[in-house]
Amino acid sequence: MATDDVLAEPAWQAGDTESVCCCVCYLPGEPLYDRPPFGVVRCQVCRLVFVSPRLTATALQRLYDRPAYFEGGVYGTQSPRSPAMLLQRIWMAGRLKAIGAHRAPPGRLLEIGSGYGLFLGAARQAGWQVRGVELSRTGAEHSRTAGQLDVFCGQLAESPNEPVDVVCFWDTLEHVPDPLEFLRQVRLRLAPGGVFALSVPYFSSLPSRILRSKWWTLKPEQHIWHLTPATLQLIAARAGLVIASVISSPLRPANAGRTDSLVAIGRALPTPRTADRATTDQGAR
Ligand SMILES: [Zn+2]
């Protein structure tokens, strides 16, 4: 998804927010940090950390509709030789290599939140047949015209769901309204033997633990789910997926310089346990 730090104004009011429950247990969380009008809470059952109250869907749309949110930054206008672009290239190469260790090209690769198409372009060069899903019209159009890329502009659930061999989504899961439903949509799109790959900030990282409510990645307007390796594995399992490897070292190219984020690669569980899941969900309500 897009870069941040462009969102300082205007101030959000309580009327822009709503309280939500844990997406796994359907229970309200216990307060951890107070960041009015937002709160950061933790589910006492599954330990998932999330933002509640959080922006309503309408307020969130206003945030993402701000031209500054998706325009410019490393995805659009920076010189290929800028430090941010160099870092992007290190991440892209490292992530393609990490994916390749689980599922080598050729094959079909889908990126959700493909921005300006930088990663899709790199993946195509690496031998993948690529397509993207992107909410931003600007990003999708740029990808189509400048990159000759096949990008669907809109929500993931409305996008084509023919199976692919790799589904990736970088810095996206922390933004989505319901990460469990999002991962179910990912599961739906995985061909047999397919893998998924993601990056996400994590709540058990050293910066988060030291800085607590001052953690620079907390950003309660937009980062509404704060995962850990354990809660990520839990949500993945509920969606019929399993995490096979996690890269959290900032020294690894796939995660270069990122002290509070991780890259995870996983696959579908062999047998979708739809009947079990439906029963459990019903019990939790
Ligand atoms: Zn929970």
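Rules of the game
- Residues numbered from 1 in each chain as written.
- Predicted model: local features only at pLDDT ≥ 70, side-chain atom pairs only at ≥ 80, totals over all residues.
- Heavy atoms only, no water.
- Donors = N, O, S within 2.8 Å, 3.2 Å for Na, K, Ca; no water.
- Tetrahedral: all angles 85-135°; square planar, octahedral: opposite > 155°, others 65-115°.
- Buried < 20%, exposed > 50% of the residue type's maximum accessible area, 1.4 Å probe, protein only.
- Pairing = 2+ DSSP bridges.
- Helix = DSSP H or I, 4+ residues; strand = E, 2+ residues; numbered from the N terminus.
- Axes fitted to C-alpha atoms, helices over the stretch in contact; angles between N-to-C directions.
- Contact = heavy atoms within 4.5 Å.

Focus on the coordination of the zinc ion
- With distances of 2.3 to 2.4 Å, the protein atoms coordinating the zinc ion are C22 (SG), C25 (SG), C43 (SG) and C46 (SG).
- Seen from the zinc ion, its four donor atoms lie at angles of 100 to 115°, and the figure they make is tetrahedral.
- All donor residues of the zinc ion come from one chain, and their arrangement in sequence is C-x2-C-x17-C-x2-C. In terms of burial, C43 and C46 fall into one category: buried.

Observations concerning the sheet that holds strand β6 (residues 107–112)
- Taken together, the seven strands give an open sheet; going across it, the order is β8-β7-β6-β9-β10-β13-β12, and neighbouring strands pair in mixed fashion. Looking at which strands have only one partner, the edges of the open sheet turn out to be β8 (151–153) and β12 (241–247). This sheet shows a mean twist of 20° between the axes of neighbouring strands, independent of strand direction.
- Across three bridges, the pairing between strand β7 (residues 128–134) and β8 is parallel. Directly across from V133, in β8, lies its bridge partner F152.
- Most of the contacts of helix α6 (residues 137–147) go to β8, to which it runs at about 155°, and overall it touches β7 and β8.

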